[in-house]
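Structure assessment
Read off the chains here:
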Amino acid sequence: MNTTETTPLRAVALVCTLSPSPARSSSQLLAEQTMEALSEHGVTGTVIRVVDHDVRTGVATDLGDGDAWPEIRNTILESDILVLATPIWLGHPASVTQRVLERLNAEMGETDDEGRMLTYGKAAAVCVVGNEDGAHKVSADLFQGLNDVGFSLAPNAVTYWVGEAMHKTDYQDLDETPKATADATAALAANTAHLARRLKSAPYPPAS
């Protein structure tokens, strides 16, 4: 195995549930399972439940007056992988997820000495949970947003679970993880870690 396959990596998972801690959260559970899968590929990191922090509404890197985003942003910039976990509400990503993307929008104005966004060279992946169909639509929205603000996405960079329409079962209440979801989580972890290592060893070219 060459050295790029063993380079240590850092990841941060931002859980965008609407429920503050200590409430149980299916989004948190799937994010934690994803981090566990990433750990099998030499990735360490942390899980942050965004709603537990005072992340202000806006599109700046720092909105002052106790805004918690600058500290979360520093964690993202110190990481190689960003995992964004969201529930589906009314067919869309949760409002907390949208707030995170809006804050990440500020990265378009932050560049290194060669004109690249500071998020260039970082991989991203997505976790989605819900009780009805919509995981593909939600992941498509998040893929586009994350790509716009500089993140790269590997093949199959999403894991999800959705229950039957009109039912009230939560992912966290299942007796065991469905094989399809477990397989998707494993593929996400393998492909995202692989991409993050390649980006770390071979940065994108300078902006023209």
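Notes on the structure in this doc start here. (Residues numbered from 1 in each chain as written. Predicted model: local features only at pLDDT ≥ 70, side-chain atom pairs only at ≥ 80, totals over all residues. Heavy atoms only, no water.)

1. Re the nonpolar core
Buried together is how nonpolar side chains tend to be arranged in soluble globular proteins. So the rule is basically this: Definition used in this section: a nonpolar core is a set of buried Ala, Val, Leu, Ile, Met, Phe, Trp, Tyr and Cys residues joined via side-chain atoms within 4.5 Å. Each residue is placed in one exposure class: buried if its accessible area under a 1.4 Å probe, protein chains only, is under 20% of its type's maximum, exposed if it is over 50%, and partly exposed if it falls in between. A run of H or I in DSSP becomes a helix once it reaches four residues, and a run of E becomes a strand once it reaches two; helices and strands are each numbered from the N terminus. Two residues form a contact once any of their heavy atoms are found within 4.5 Å.
Membership of the largest hydrophobic core comes to 27 residues, with the highest contact counts inside it found for L14, I76, L104 and L146. Only β1 (9-15), α2 (69-77), β3 (81-89), α3 (95-104), β5 (123-130) and α4 (135-148) provide two or more residues apiece to this core. Setting aside residues up to four positions removed in sequence, I76 forms contacts with V12, L14, W69, L82, L104, K122 and F151. With 24 residues, the next largest nonpolar core counts A37, I81, C127 and A196 among its residues.

2. A look at the layout of surface pockets
Our working rule: Cavities and pockets were defined on a 1 Å grid built over protein atoms only: a cavity is a set of grid points that admits a 1.4 Å probe from which the probe cannot escape, a pocket is an open set flanked by protein on both sides within 12 Å along at least five of seven lines, and lining residues are those with an atom within 4 Å of any such point. Grid points are joined across faces, edges and corners, and a volume is the space filled by probe spheres set on the points. All amino acids are sorted into three groups, where Ala, Val, Leu, Ile, Met, Phe, Trp, Tyr, Cys and Pro are nonpolar, Asp, Glu, Lys and Arg are charged, and the leftover types, Gly among them, are polar.
Looking at the largest pocket, its volume works out to about 420 Å³. P87, I88, W89, N131 and D170 are, among the 21 residues lining the largest pocket, the residues nearest its centre. When residues of the lining of the largest pocket are traced back to their parent elements, those giving at least two are α1 (26-39), β3 and β5. Considering each element in turn, the lining of the largest pocket owes the most residues, three residues, to β3. Looking at side-chain class alone, the lining of the largest pocket contains eight nonpolar, nine polar and four charged residues. Computed from the structure, the second largest pocket encloses a volume of approximately 190 Å³. In this structure, the second largest pocket is lined by 14 residues; those nearest its centre are Y120, G121, K122, L199 and K200. Its residues placed into classes, the lining of the second largest pocket shows seven nonpolar, two polar and five charged.

3. Comments concerning the pattern of salt bridges
Just so we agree on the cut-off: Any carboxyl oxygen of Asp or Glu within 4 Å of a side-chain nitrogen of Lys or Arg constitutes a salt bridge here.
Counted by the stated rule, this structure contains ten salt bridges. In this structure, the salt-bridge partner of R24 is D173, at a minimum N-O distance of 3.2 Å. Remark: D173 occurs in the loop between β6 (152-162) and α5 (179-201) and R24 occurs in the loop between β1 and α1; sequence separation between them is 149 residues. For D173, a relative accessible area of 42% translates into the label partly exposed. In this structure, the salt-bridge partner of D67 is R103, at a minimum N-O distance of 2.7 Å. Here R103 lies in helix α3 and D67 lies in the loop between β2 (43-49) and α2, a separation of 36 residues in the sequence.

4. What to know about the packing of α1 against α5
Two numbers describe a pair of packed helices, the interaxial angle and the distance between the axes. Let me state the cut-off plainly: Here an angle of 0 to 180 degrees is reported between the N-to-C directions of two axes, which are lines fitted to C-alpha atoms, with helices fitted over the stretch in contact. Oblique is the label for any angle not covered by the other classes, which are roughly parallel (under 35 degrees), roughly antiparallel (over 145) and roughly perpendicular (65 to 115). By definition, turning the near helix anticlockwise from the far helix through less than a right angle yields a left-handed crossing, and turning it clockwise yields a right-handed one.
As a packed pair, α1 and α5 sit with axes 9 Å apart at the nearest point and diverge in direction by 50°. For the element pair α1 / α5, the angle class is oblique. Crossing hand, α1 versus α5: right-handed. Seen from α1, the contacting residues are L30, Q33, T34, A37 and L38; seen from α5, they are T181, T185, L188, A189 and A193. Class assignment for the residues of the contact of α1 with α5 results in six nonpolar, four polar and no charged.

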